[in-house]
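Chain by chain, the residues:
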Amino acid sequence: MRRRVTVVGEVLVDLLWKAGAAQVLPVPGGSPANVAVGLHRLERPVTLVTTWGDDPPGALIGAHLDGIGVEVRRAPSTAERSTVALAYLGEDGSASYEFLAAWDPQELGVPADTAVLHTGSLALVVEPGAAKVLDACRRVRERPGTAVAVDLNVRPAVQRDRAAYRAVCDRFAEAADVVKASAEDLAWLYPGTPAEQAARDLLARGARLVVVTLGADGAFALTADAQVRVPAPSVEVRDTVGAGDAFQAALLDALASGAATGDRLVPPSAEELTDVLTRCVTAAAITCTRVGADPPTAAELQAAAPSPHDE
């Protein structure tokens, strides 16, 4: 039985700048890398396919991944530098970003035992690597019993042309079984369109499941046969860095546990989907109580939100 989640995407160094602070703090991160770390902490077999430069930020990235123990396939790249993000942290813990982006993997090898391929964030839109990621999604989706999941995680700082960004997201929705986005993502991509309608439009492009996060208001999900919504736990927020990635890790973990619909790994019922989303918003809430991208372990998440999918 396939159990592995393969994550394709960038790893970077966040320069965290808190409101009123005199100095920035360099922290390894990147949405796909954070998702891989979250899956590793949930005891899910996971491989991160990524690339970085042989530079000081890259040395920090390499040491970070080595210390955590995530299995990494470092793709060859013509880029000589690593991606760096400047993350501005507001008084309320919210974050906004600017990027010095480099994403040029020459090959993206996906392990044969992959149950779910996940990608998202900068990897979707920063060329020349984005085209290779889209091709990998299309190839993997042709494999029986394998699902493709995409987190749009919109970053206007790397593509300010809304129409071009929307076209990218539409192409990935056509190549994916599962699409996740935040309400803020959808509001930027589709201004004036309610989040539920935007989610239905993504569903119509070929995804089997669309999940939308609503911050402190929880999350909702749509399939062709069901629509569910769950509230978020009330917590004291330290910051929101990595919360969406912790949510995504919990979602991927549930999908890879084998909740199959036909030959696709998608929650088959409203009841099961509610259970999955409850676990996901709990993972995000736990992360919000901590500084930086610090997702929960399997034991912490089990204690906070027991899951029927634990193996």
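Predicted, not measured: the structure shown is a model, and the values here were computed from it. (Residues numbered from 1 in each chain as written. Predicted model: local features only at pLDDT ≥ 70, side-chain atom pairs only at ≥ 80, totals over all residues. Heavy atoms only, no water.)

### Looking at the overall build of the protein
(1) Moving on: Tallying secondary structure elements over the protein gives ten helices and 15 strands in all.
(2) Moving on: Taken over the C-alpha trace, the protein has a radius of gyration of 18 Å; the compact-globule value for 311 residues is 19 Å, and the two agree within 12%.
(3) Moving on: Across its three principal axes, the protein shows a C-alpha extent of roughly 50 × 40 × 40 Å.
(4) Moving on: The buried share among the 311 residues of the protein stands at 55%.
(5) Moving on: A fraction of 71% describes how many contacts in the protein between residues 6 or more apart in sequence connect residues 24 or more apart.
(6) Moving on: As presented, the protein carries roughly 12600 Å² of accessible surface, and 50% of it is formed by carbon and sulfur atoms.
(7) Moving on: Computed over 28 positive and 40 negative side-chain charges, the separation of the two mean positions in the protein equals 3 Å. (Helix = DSSP H or I, 4+ residues; strand = E, 2+ residues; numbered from the N terminus. Rg over C-alpha atoms; globule rule 2.2 N^0.38 Å. Buried < 20%, exposed > 50% of the residue type's maximum accessible area, 1.4 Å probe, protein only. Contact = heavy atoms within 4.5 Å. Areas by Shrake-Rupley, 256 points an atom, 1.4 Å probe, with all protein chains shown as cover. Lys, Arg positive; Asp, Glu negative; His and termini not counted. Charge placed at Lys NZ, Arg CZ, Asp CG, Glu CD.)

### Observations regarding the environment of Ala163
(1) Moving on: As for its placement among the helices and strands, Ala163 is situated in helix H5 (residues 162-174).
(2) Moving on: Along the chain, Ala163 and Gly120 lie 43 residues apart, while their C-alpha atoms are 18 Å from each other.

### Some words on the packing of aromatic side chains
(1) Moving on: Taken as a whole and assessed by the stated rule, the structure comprises two aromatic pairs.
(2) Moving on: Here the basic side chain of Arg162 rests over the ring of Trp188, its NZ or CZ set 4.7 Å away from the ring centre. (Phe/Tyr/Trp six-rings, centres within 6.5 Å; stacked < 30°, edge-to-face > 60°. Lys NZ or Arg CZ within 6 Å of the ring centre and 35° of its normal.)

### Let's talk about the sheet that holds strand S7 (residues 95-100)
(1) Moving on: What the four strands build is an open sheet, ordered S3-S2-S6-S7; its pairing is mixed. Edge positions in the sheet fall to strand S3 (25-29) and S7, since each has one partner strand and no second. Shown here is a sheet whose adjacent strand axes are inclined to one another by a mean of 30°, direction ignored.
(2) Moving on: The pairing of strand S2 (residues 12-18) with strand S6 (residues 83-89) spans seven bridges and is parallel. The residue of S6 that forms the bridge with Asp14 is Ala85.
(3) Moving on: Contacting S2, S3 and S6, helix H2 (residues 56-68) runs over the sheet at an angle of about 100° to S2. (Pairing = 2+ DSSP bridges. Axes fitted to C-alpha atoms, helices over the stretch in contact; angles between N-to-C directions.)

### Section: a nonpolar patch on the surface
(1) Moving on: Taken together, the side chains of Trp17, Val24 and Tyr88 present a nonpolar region at the surface, about 260 Å² in accessible area.
(2) Moving on: Mapped onto the elements, Val24 comes out in the loop between S2 and S3.
(3) Moving on: Owing to a relative accessible area of 37%, Val24 belongs among the partly exposed residues under this scheme. (Patch = residues over 30% accessible without salt bridge, like charges linked within 9 Å, V, L, I, M, F, W, Y side chains within 5 Å. Salt bridge = Lys/Arg side-chain N within 4 Å of Asp/Glu carboxyl O.)

### Quick word on the layout of surface pockets
(1) Moving on: Its boundaries defined by the atoms lining it, the largest pocket holds a volume of some 1300 Å³.
(2) Moving on: Lining the largest pocket are 46 residues, and of these Ser182, Glu184, Thr240, Ala243 and Gly244 lie nearest its centre.
(3) Moving on: Of all the elements in the fold, those that place two or more residues in the lining of the largest pocket are S2, helix H1 (31-41), S7, strand S10 (178-182), helix H6 (183-189), helix H8 (243-256) and helix H9 (270-288).
(4) Moving on: A per-class count over the lining of the largest pocket returns 23 nonpolar, 14 polar and nine charged. (1 Å grid on protein atoms, 1.4 Å probe; cavity = no way out; pocket = protein on both sides within 12 Å on 5 of 7 lines; lining within 4 Å. Points joined across faces, edges and corners; volume = space filled by probe spheres on them. Nonpolar A, V, L, I, M, F, W, Y, C, P; charged D, E, K, R; others polar.)

### Regarding the pattern of salt bridges
(1) Moving on: Applying the stated criterion across every chain yields a total of 15 salt bridges.
(2) Moving on: Asp177 serves as the salt-bridge partner of Arg141, at 3.2 Å between the closest nitrogen and oxygen. Of the two residues, Arg141 is situated in helix H4 (residues 129-141) and Asp177 in the loop between H5 and S10; the sequence distance between them amounts to 36 residues. This pair shows no difference in class: Arg141 is buried, exactly as Asp177 is.
(3) Moving on: The residue Glu174 makes a salt bridge to Arg205 at a minimum N-O spacing of 3.0 Å. Here Glu174 is found in helix H5, whereas its partner Arg205 is found in the loop between helix H7 (195-204) and strand S11 (209-213), with 31 residues between them in sequence.

### Structural notes on the nonpolar core
(1) Moving on: Ranked by internal contacts, the top residues of the largest apolar core, which has 49 residues, are Val133, Leu152, Phe172, Val179, Leu202 and Val210.
(2) Moving on: Counting residues per element, this core draws most heavily on H5, which supplies five residues.
(3) Moving on: Setting aside residues up to four positions removed in sequence, Leu152 forms contacts with Ser121, Leu124, Tyr165, Cys169, Val179, Lys180, Ala181, Asp185, Leu189 and Leu202. (Core = buried A, V, L, I, M, F, W, Y, C linked by side-chain atoms within 4.5 Å.)

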